[in-house]
Amino acid sequence: MTEAAVCPVPHENRTHPLGPPAGFEEAISAGPVRMLWPNRVEAWVVSSYAGVRQVLSDPRFSANKDGQPEMRTEGEQVLGLPEPGNMNVMDGAEHLRLRRPLARAFMVKRLNEMRPRIQEIVDEHLDAMERAGAPADLVSSVCLPVPSLVIAELLGVPPEHQELFQATTREMFGKNGSRAEYEAKAAELGGVLMKVVEEKKASGTTDDLIGLMVNDTDFDMDELLFLAIGLLAAGHETTSNFFGLFTLTLFENPDQLAILKRDPSRADVIVEELMRYTVGRLGGAGLARRATEDVEVDGVTIHAGDWVAVTFHANLDEELCPHAGELDLERRAVSHLGFGFGPHQCLGANLARAELQILLRTLFTRFPDVRPAVPLVEMDFREDMITYGAATIPVVW
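The rules behind the values
- All residue numbers refer to positions counted from 1 along the written sequence of the respective chain.
- The model is predicted, so local features are restricted to residues of pLDDT at least 70 and side-chain atom pairs to those at 80 or more, both for listing and for counting; the totals for chains, interfaces and linings are taken over all residues.
- Side-chain figures throughout are based on the complete set of non-hydrogen atoms in the structure, without hydrogens or water.
- Helical segments are the DSSP runs of H or I of at least four residues, strand segments are the runs of E of at least two, and each set is numbered from the N terminus.
- C-alpha atoms define the radius of gyration in this analysis, and the globule rule sets the expected value at 2.2 Å times the number of residues to the power 0.38.
- To sort residues, take the accessible area from a 1.4 Å probe on protein chains only and compare it with the maximum for the residue type: under 20% means buried, over 50% means exposed, and anything in between is partly exposed.
- Note on definitions: a residue-residue contact is assigned when non-hydrogen atoms from the two residues lie within 4.5 Å.
- Note that accessible areas follow from Shrake-Rupley with a 1.4 Å probe, and for residues the cover is restricted to the protein chains shown.
- Counting of polar contacts relies on pairs of N or O atoms within 3.5 Å, with two restrictions inside protein: one atom must be capable of donating a hydrogen and the other of accepting it, and residues adjacent in sequence are counted only when both atoms are side-chain atoms.
- Stacked, tilted and edge-to-face pairs are distinguished by plane angle, under 30 degrees for stacked and over 60 for edge-to-face with tilted covering the rest, among Phe, Tyr and Trp rings (Trp via its six-membered ring) whose centres lie within 6.5 Å.
- Only lysine NZ and arginine CZ atoms are considered, and such an atom sits over a ring when it is within 6 Å of the ring centre and within 35 degrees of the ring normal.
- Here, strands pair whenever DSSP counts at least two bridges between them.

Taking an unreviewed UniProt entry as the reference, the chain is identified by name as Cytochrome P450 belonging to Lentzea pudingi.

Here's what the structure looks like:
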């Protein structure tokens, strides 16, 4: 293998908090390029819209990491390890056996039925923020607790364990955490979930996701617990970050924010454009695959055994839409890659869409003059997490 360029570590050395790592755009401009990752593994980075879709959908690129730790960190991060129930590292029939039953809980009809409850949760937290008065931290007031409560209700987990959910998530998605620290938090959360599982077994319910897994699948206990922990963690971590980043993007683009305020009923289309643009602008490389045979991608032969990572900077590819590097909330929705693509596309994408639509529409309707209390460059961002986002968003109104 030829000498690889050094990969700018994702989420670090950003010249702008909402922009890509310094030097990243230049590094990927020539097409698929080899880079050296923080875990000292060389991998191709694919950045075109067509190339990313190919890598994420072609069965010749395997999600099975063979025990290889997460590429974006030097720590003993667990996302890439072959835990029972870890769909992120499974292919084909093995992956489908776990994913297909869960998909029923995330169907659009089921999630539309949840919208009134999501609205109640959002209203309750905005009421509390208003009572407390300005300035307020949007992250601790709304971004974190709302998605945490929503995913807990979908799974059927008591909401009083929010702090434990968030602590386990920090270990699961932290860039510098140890496996021992994660296992300690996961064991504590597993104890809570075991009680929930026993209650679902006794009642025979399938009204929530854990009840469905317990009473209507062939999952064993290890699979069930890992899936429940993973869904709790991912279900609030990503939506929380997206809401914060979308809000900051709108603050940074007042002309676009005015479009949302003028017609909040278009929140569904607006969320799609914010997802496309914000995720694309952040750049960095994410999901990793391994070639099981020689495959040509964007004119480059990737050999069997080579590691490949995709970057959702592909959302800014002109192949996807004209003027892709610009935020345009009047743009018609396009098939962006913000939720991934292919068989491992985000299972909770429709839930995240529902939450983000309600959050954005309600925030800027209730608080039309809400604005940052400090400049963007003075805010803290979660550089220690694989899932990048704002640590705090001080606001006034």
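We now examine the overall build of the chain. The number of helices and strands found in the chain is 13 helices and 11 strands. The C-alpha radius of gyration of the chain comes to 21 Å, within 12% of the 21 Å expected for a compact globule of 397 residues. Along the first, second and third principal axes, the C-alpha atoms of the chain reach 60 × 55 × 35 Å. Within the chain, the proportion of its 397 residues that are buried is 57%. Long-range contacts, defined as pairs at least 24 residues apart, comprise 73% of the intrachain contacts of the chain with a sequence gap of at least 6. For the chain, the accessible surface area stands at approximately 16300 Å², while carbon and sulfur atoms represent 50% of it.

This next bit is on the side chain of N315. For N315, the position within the fold is in the loop between β9 (307-310) and α13 (349-366). From its side chain, N315 meets the backbone nitrogen of L337 in a polar contact 2.7 Å long.

One pass over the full model with this rule turns up five aromatic pairs. Between F381 and Y388 the ring centres are 5.6 Å apart and the planes differ by 10°, which places this aromatic pair in the stacked class. Summarising the burial analysis for this pair, F381 and Y388 share the class buried. Three or more aromatic residues joined by ring pairs form one cluster here, namely F242, F246 and F339. The ring of Y388 is capped by R14, whose NZ or CZ atom sits 4.2 Å from the centre of that ring.

Moving on, we get to the pairing of strand β6 (residues 288-291). In terms of strand pairing, strand β4 (residues 61-62) meets β6 through two bridges, oriented antiparallel. Across the sheet, the residue bridging to F61 is A291, located in β6. Across three bridges, β6 lies against β9 in antiparallel orientation. Bridged to A288 within β9 is A309.

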